[in-house]
Amino acid sequence: MVNSILFTVLQDVLYVLLLTLGAYFFGKAFYKIYKGEAVFFKKGTGKVEGWIYRLLGIDKNEEMSAKKYVCSILLFTLFCFILFMAVVMLQEFLIFNPNNVKGMSWDLAFNTAASFITNTNWQAYAGETGLSYFSQMFVITSQNFISGAVGIAVLFVLIRGFTRHETGKLGNFWCDITRIILFMLPVCLVTSLIYVEQGIPQTLMGNVNYVGLDGTAATLYLGPVASQISIKQFFSNGGGFYGTNSCYPFENPTPLTNLIQMLSLLWIPASMCFVFSMATRRRNENGVAIKERAQGTTLYITMLILFVVCLSVSTTCEYMGGIQNNLVSSIGNIEGKEVRFGIGQSALWSVATTCASNGSVNCMHDSLTPLSGMISMFLMMLGEIVFGGVGCGLYGMIGFAILTVFISGLMVGRTPEYIGKKIGSFDMKMVCIVILTPVLCLLLGTASTVLLEAAPEWLTNSGAHGFSEILYAFASISGNNGSAFAGFNADTVWTNVVGGFILLIVRFIPMIAVVYLASSLAKKKITPTTEGTLATNNALFVGLLLGVILIIGALSFFPALALGPIADFIG
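The structure presented is a predicted model; accordingly, all values stated were derived computationally and were not measured.

Reading guide: rules and limits
- All chains use their own residue numbering, which begins from 1 and follows the written sequence.
- Under the rules for a predicted model, residues below a pLDDT of 70 receive no local features and side-chain atom pairs below 80 are neither given nor counted, while totals for whole chains, interfaces and linings still include all residues.
- Side-chain calculation: all heavy atoms of the structure are included, whereas hydrogens and water are not.
- For every element, the axis is a line fit to its C-alpha atoms; helices are fit only across the contacting stretch, and the angle between N-to-C directions ranges from 0 to 180 degrees.
- Numbering goes from the N terminus for both helices and strands, where a helix is a DSSP run of H or I of at least four residues and a strand is a run of E of at least two.
- Roughly parallel means an angle under 35 degrees; roughly antiparallel, over 145; roughly perpendicular, 65 to 115; everything else is oblique.
- Throughout, a crossing is termed right-handed when the near helix is turned clockwise from the far one, and left-handed when it is turned anticlockwise from it by less than a right angle.
- The criterion used for residue contact is that any of the two residues' heavy atoms lie within 4.5 Å.
- Here the term charged refers only to Asp, Glu, Lys and Arg, the term nonpolar to Ala, Val, Leu, Ile, Met, Phe, Trp, Tyr, Cys and Pro, and the term polar to all other amino acids, Gly among them.
- Nonpolar cores were defined as sets of buried Ala, Val, Leu, Ile, Met, Phe, Trp, Tyr and Cys residues, with membership established by side-chain atoms within 4.5 Å.
- When a residue's accessible area, from a 1.4 Å probe over protein chains only, is under 20% of the maximum for its type it is buried; when over 50% it is exposed; and in between it is partly exposed.
- In this analysis, rings of Phe, Tyr and Trp, with Trp reduced to its six-membered ring, are considered paired at centre separations within 6.5 Å, and the interplanar angle assigns stacked below 30 degrees, edge-to-face beyond 60, and tilted for intermediate values.
- One less than the residue count of a helix, multiplied by 1.5 Å, gives the span that helix is expected to have.

Q: Would you take a moment to explain the packing of helix 7 (residues 173–198) against helix 9 (residues 255–280) for this structure?
A: For any two helices packed against each other, one specifies the inter-axial angle together with the distance between the axes. At a minimum axis separation of 10 Å, helix 7 and helix 9 run at an interaxial angle of 160 degrees. Considered as vectors, helix 7 and helix 9 are oriented roughly antiparallel to each other. You can see that helix 7 and helix 9 cross each other, and the crossing is left-handed. Residue-level inspection shows M184, T191, I194, Y195 and Q198 of helix 7 in contact with helix 9, the latter providing L256, T257, I260, Q261, S264 and I268. Here the residues of the contact of helix 7 with helix 9 are counted per class, giving six nonpolar, five polar and no charged.

Right, dumping it as structure tokens:
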């Protein structure tokens, strides 16, 4: 076991280094997009942009107010939602359905549509048997692009709120998502080709029936898999083509695909910190950046500290928590894990996918030890601000940073300021909406489900672990994550409908609040930094920010965690 633990530590250190390096380069690319520049093939991309704008009747020079930006998001999302539901309910009558997959029920279609337009990808169905190829390509893959692009666009709006002054203009929604998608298309194309070379299927051929070496008849499920895997990981969607997600050999066949998928599910969320740094860096009168720790770097360090601590706890619990006494000292908890990945890579993936708004898995989270499962729950309960989803993770962390500044200002009797903007009562109302909406939905959803008479029938386990299965499900739904304990039967009318509404609420209510927060900030003047201004880019602020995050997390969720994973551990 000692050699395994040493190898895991080295593997985790390498992962953090590659994560930071890749995030920096993605950050530079997205900063160009933020400024309205093309990253690849500038002339060609400019022409394609122009064609798209003319086709849609968009004036790329038009700047939108908060109201218009929000209306654009909601109307576009509503159109996608209706189209999504129609396709998956009628998929048996559409093209590219060689396996004759039937249409979804109305409640499952509602839940699935709500899940994918909110960048959650919560799946109450098995992808290989629940959706046709047309549904996988036309609605699932497209929403993986669109929902991720919307999250990044809203972050761009918030950054403009800090960098602009005395204006109500926040950019153009259509231009933002167009440029983001045009950048990610070639990135995902190259990644998909790598996946195909490694053995992930990409075909329109139907499933193949075969007889195994033991004489048992089985089905080999095929389809356009590689193209979906690349974008679902990059844009922190996570919903798998196969029901067992990245545990399945055809979705994650080699150590290389496992490494690329683990990195890509955090690269872009982490890169947003560098975008924030580049956009908000202070400059002198000559326009040269002042040499000091950037604001985004401070937030990145905060996220990284939480990530490393949670990873250390989860990995330790898995190595020391063998199910059988004779395995504790030699192997650890291997239940629910792929032998080819082992404990180290399984623990790393479980922490990475729940700190991001991703939800993909390469092991079964229901088989994690109680405290390791609690870490995954807690990361989602925080609103997935430790890197989080693309765009929404960072604007959630910025909300906590503003709250920290506000609390610090109350302590010293000074008007709080953050990155040159005074924080007023309206701003704090918007921040509270961003932070508290997922908390309320999580606790209310869990409590109402536990009270149902039918709830025990939906669980694989009883007692504290059964409660943990329900708690994990609503933590995942309320965090727009999408992963599951896999011990909870989610395909019920109650879970589909209630879960679907929660998915929509926790995605769009905070998102609207962020846009109006950005508008409020953009209308203010830039406040000069003085000796009395609280520094928000040093170690002291990192400590304060960590304290606020943990206190809010402890106060909000400790009772629920005590009834679930903590009681499961003690028992």
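Q: Is there a simple way to explain the nonpolar core in this structure?
A: Soluble globular proteins: nonpolar side chains tend toward being buried together. F30, F307, F387 and Y418 are the most contacted members of the largest nonpolar core, which has 158 residues in total. Every residue in contact with F30, bar those within four places of it in the chain, is listed here: I152, F156, I180, F183, M184, I268, S271, M272 and V275. Core analysis: the second largest hydrophobic core is formed by 10 residues, Y195, V225, Y242 and I260 among them.

Q: Would you mind going over unusual backbone geometry with me for this structure?
A: Negative phi characterises most residues that are not glycine, and trans characterises most peptide bonds. Look at F96: it is not a glycine, yet its phi comes out positive at around 55 degrees. Within the secondary structure, F96 is located in the loop between helix 3 (66–89) and helix 4 (106–117). In this model, F387 sits at a positive phi of 75 degrees, which is unusual for a non-glycine residue. With respect to the element layout, F387 can be found in the loop between helix 12 (370–381) and helix 13 (392–412).

Q: Help me out: how do you make sense of the packing of aromatic side chains in this one?
A: Geometry of an aromatic ring pair is reported as the spacing of the ring centres plus the angle between the planes. Evaluated as defined, the whole model comprises 30 aromatic pairs. Both rings, one in F76 and one in W174, keep their centres 5.5 Å apart while their planes meet at 80 degrees; by these two values the pair is edge-to-face. Taken together, the residues F76 in helix 3 and W174 in helix 7 connect sequence positions 98 residues apart. On the basis of relative accessible area, W174 is assigned to the partly exposed category, the value being 23%.

Q: Any chance you could explain helix 4 here in plain terms?
A: The terminal C-alpha atoms of helix 4, which comprises 12 residues, lie 16 Å apart, in line with the 16 Å expected from a rise of 1.5 Å per residue. Summarising burial for helix 4: 11 of the 12 residues are buried, a large majority. Along helix 4, the residues classified as buried are D107, L108, A109, F110, N111, T112, A113, A114, S115, F116 and I117. If you follow the buried residues of helix 4, they end up packed against helix 3, helix 6 (133–163) and helix 16 (493–522).

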